[in-house]
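So you can see what is in the structure, the chains are spelled out below.
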Amino acid sequence: MMDFRILLAAASFGLAGCAPLEPSNPPRPADTLTTIDRMADSGPSPTFEAEKMFPSWFAAIEPYRVIGDQDDGVYYVGTKGLGMYFIPTDEGHIVIDGGMPGQGAYVADSIRKLGYDPKDIKILLNSHAHLDHSGGLAELKRLSGAQMIASEGDRSALEGGFYLGSENVKSLNAPPIEVNVTFSDDFTVTHGGVSLTARITPGHTRGCTSWMMDVEQGGKTYQTLFFCSASVAANRLLGPPQYEGIVEDYRKTFAITKDWKPDVFLSNHPEFFGMAAKHERLKAGDPLAFVDDGGFPAFIAKMEKNFEAALQKQTLKHNAIMSE
């Protein structure tokens, strides 16, 4: 297994401080979702040390089948804290997201462990153009020659290797990747008997893409959602915004998704859908451990509440600065 210790030193985002604990109780690192939420309140920091801030992004785990019958369905090939997914077919394979820069090899190794050849990947898909999800895609494309299919809204960031709206923050750059096919919305990728439908759920990025597919297991079909994101994280909502129309885009996503109730909710950060607990149930013998039609509605409601709180805080801060 390769060692993916990556230290990114440059301008990025600070975190809110934690209350001191007794020396006999050393502080535990915040989980990914908490840390991401704190980014909405934080100011600039002189360094962004990815492995210290998000150690789970670099923690290897064994790949496994999430849902679907043998040799079909969806496999998890990510790290403890970054969700990457593998969908095998007889006509070549599909991968969703590539993790951090340098983790394309990790994904390829995970695919080999499952008994498949990563050189047979034919299609690469992306949730959104941030380095923790697009960083390994170029490496996978070089290895396999696969087509990169992505939203038009995220194309410039993928091909330019930058974080839209923070192009000067070089520590957030990802290896550029050529996009072979672009789409706007309600686009379906059909390959090897598998169909994935793209729904643009913008805000987190301009072209943030959620993917939907039906997966069969035991004679029953389960609607599976790979949700992009709806966290504010380090995005500026105003003064100036990360990109024009970002606030309206977030609210569009909350309106689009209000009635979504997928059988299986997956995402690019495992903590979003409680992967650890579900994986334990799967290992204990529950083949439908990831079936949870109440998981996504609860999650998206929390994201909308967090967004409105972040917008209020950023508005107050912006108005205070403007009045000085």
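These numbers were taken from a predicted model, which means no experiment stands behind them.

(A) Up close: the overall build of the protein chain. Secondary structure assignment for the protein chain yields nine helices and 14 strands. Going through the 324 residues of the protein chain one by one, you find that 52% of them count as buried. Pairs at least 24 apart in sequence give 67% of the contacts found in the protein chain among residues at least 6 apart. Of the roughly 14,400 Å² of accessible surface on the protein chain, a fraction of 51% belongs to carbon and sulfur atoms.

(B) Broad picture of the sheet that holds strand S12 (residues 209-217). Taken in spatial order, the five strands of this open sheet run S10-S11-S12-S13-S14, and their pairing is mixed. The open sheet has two free edges, formed respectively by strand S10 (187-191) and strand S14 (264-267), since each of these has just one partner strand. On average, each strand axis in the sheet is inclined to that of its neighbour by 25 degrees, with strand direction left out of account. One ladder, built from seven bridges, connects S12 with strand S13 (residues 220-227); its direction is antiparallel. Bridge assignment links Asp214 to a residue of S13, and that residue is Gln223.

(C) Region of the structure containing the side chain of Asn235. Here Asn235 is to be found in the loop between S13 and helix H7 (246-257). Polar contacts involving the side chain of Asn235 include one to the main-chain carbonyl oxygen of His204, which spans 3.0 Å. Sequence-distant contacts of Asn235, that is, excluding residues within four places in its chain, are made with Tyr163, Gly203, His204, Gln242, Ile246, Tyr250 and Gln314.

(D) Representation of the environment of Val232 in the model. Position of Val232 relative to the elements: it lies in the loop between S13 and H7. On a C-alpha basis, the gap between Val232 and Asn306 in space is 7.9 Å, while along the polypeptide they are 74 residues apart.

(E) Examining the packing of aromatic side chains more closely. One pass over the full model with this rule turns up 20 aromatic pairs. Note on Tyr76 and Tyr85: the rings are 5.5 Å apart at their centroids and 80 degrees apart in plane angle, and the pair reads as edge-to-face. Neither residue differs from the other here; Tyr76 and Tyr85 are each classed as buried. One aromatic cluster is present, built from ring pairs that chain together Tyr64, Tyr76, Tyr85, Phe226, Phe227, Trp260, Phe265, Phe272, Phe273, Phe290, Phe296 and Phe299.

(F) Geometry of helix H5 (residues 137-144). If you check which residues of H5 are buried, you get Leu137, Ala138, Leu140, Lys141 and Ser144. Axial view of H5: buried residues confined to an arc of 160 degrees, hence all on one face. Looking at the buried residues of H5, the elements they touch are strand S6 (93-96), helix H3 (104-113), strand S7 (121-125), helix H4 (131-134) and strand S8 (147-151). Phi turns positive, to about 75 degrees, at Gly145, one or two residues after H5.

(G) A look at the sheet that holds strand S5 (residues 85-87). Spatially, S3-S4-S5-S6-S7-S8-S9 is the arrangement adopted by the seven strands of the open sheet, whose pairing is mixed. Across the chains shown, the open sheet's two edge strands, defined by having one partner strand only, are strand S3 (64-67) and strand S9 (181-183). Direction aside, neighbouring strands of the sheet carry axes that sit 25 degrees apart on average. Where S7 lies against S8, three bridges are found, and the strand directions are parallel. Opposite Leu124, over in S8, you have Met148 as the bridge partner.

(H) Inspection of H3 at higher detail. The element H3 is largely enclosed, with a buried count of seven among its ten residues. Its buried side turned inward, H3 meets S5, S6, S7 and H5. Backbone geometry just after H3 places Gly115 at a positive phi near 95 degrees.

(I) How the structure looks around the pattern of salt bridges. This structure, assessed with the given rule, holds seven salt bridges. Across the salt bridge formed by Arg155 and Glu159, the nearest N and O atoms sit 3.4 Å from each other. Of this pair, Arg155 and Glu159 both sit in helix H6 (residues 152-160), separated by four residues, roughly a single helical turn. With relative accessibility at 32%, the residue Glu159 sits in the partly exposed group. In this structure, the salt-bridge partner of Arg199 is Asp185, at a minimum N-O distance of 3.7 Å. Highlighted residues: Arg199 in strand S11 (residues 194-200) and Asp185 in the loop between S9 and S10, separated in sequence by 14 residues. Linked through salt bridges whose partners overlap, the residues forming this network are Asp185, Asp186 and Arg199.

(J) Up close: the nonpolar core. Of all hydrophobic cores here, the largest spans 51 residues; its most connected members are Leu196, Phe226 and Phe290. With seven residues, helix H9 (residues 295-323) is the single largest residue contributor to this core. Membership of the second largest hydrophobic core comes to 36 residues, among which are Met53, Met84, Ala108 and Tyr163.

Calculation criteria
The written sequence of each chain sets the order in which its residues are numbered from 1. At least 70 in pLDDT is required for a residue's local features to be given in this predicted model, at least 80 for side-chain atom pairs to be given and counted, and no such filter applies to totals for whole chains, interfaces and linings, which use all residues. Computation of side-chain values covers all heavy atoms of the structure but excludes hydrogens and water. The numbering of helices and of strands both runs from the N terminus, where a helix is a DSSP run of H or I of at least 4 residues and a strand a run of E of at least 2. Relative accessibility thresholds used throughout: buried, under 20% of the residue-type maximum; exposed, over 50%; partly exposed, between the two (1.4 Å probe, protein chains only). Should any heavy atoms of two residues lie within 4.5 Å, those residues are counted as being in contact. The accessible surface values rely on the Shrake-Rupley method and a 1.4 Å probe; as for residues, cover is taken only from the protein chains in view. Being paired, for any two strands, means DSSP has found at least two bridges between them. Geometry is summarised by axes, namely lines fitted to C-alpha atoms with helices restricted to the contacting stretch, and by angles between N-to-C directions that run from 0 to 180 degrees. Any pair of N or O atoms that falls within 3.5 Å is considered a polar contact. Within protein, one atom must be able to donate a hydrogen and the other to accept it, and sequence-neighbouring residues count only if both atoms are side-chain atoms. In this scheme Phe, Tyr and Trp rings, the latter by its six-membered ring, pair at centre separations within 6.5 Å, and the angle between planes marks the pair as stacked below 30 degrees, edge-to-face above 60, and tilted otherwise. Summarising the geometry, the arc corresponds to the directions from the helix axis toward the C-beta atoms. Salt-bridge detection follows one rule: a side-chain nitrogen of Lys or Arg within 4 Å of a carboxyl oxygen of Asp or Glu. Throughout this description, the term nonpolar core refers to a set of buried Ala, Val, Leu, Ile, Met, Phe, Trp, Tyr and Cys residues connected via side-chain atoms within 4.5 Å.

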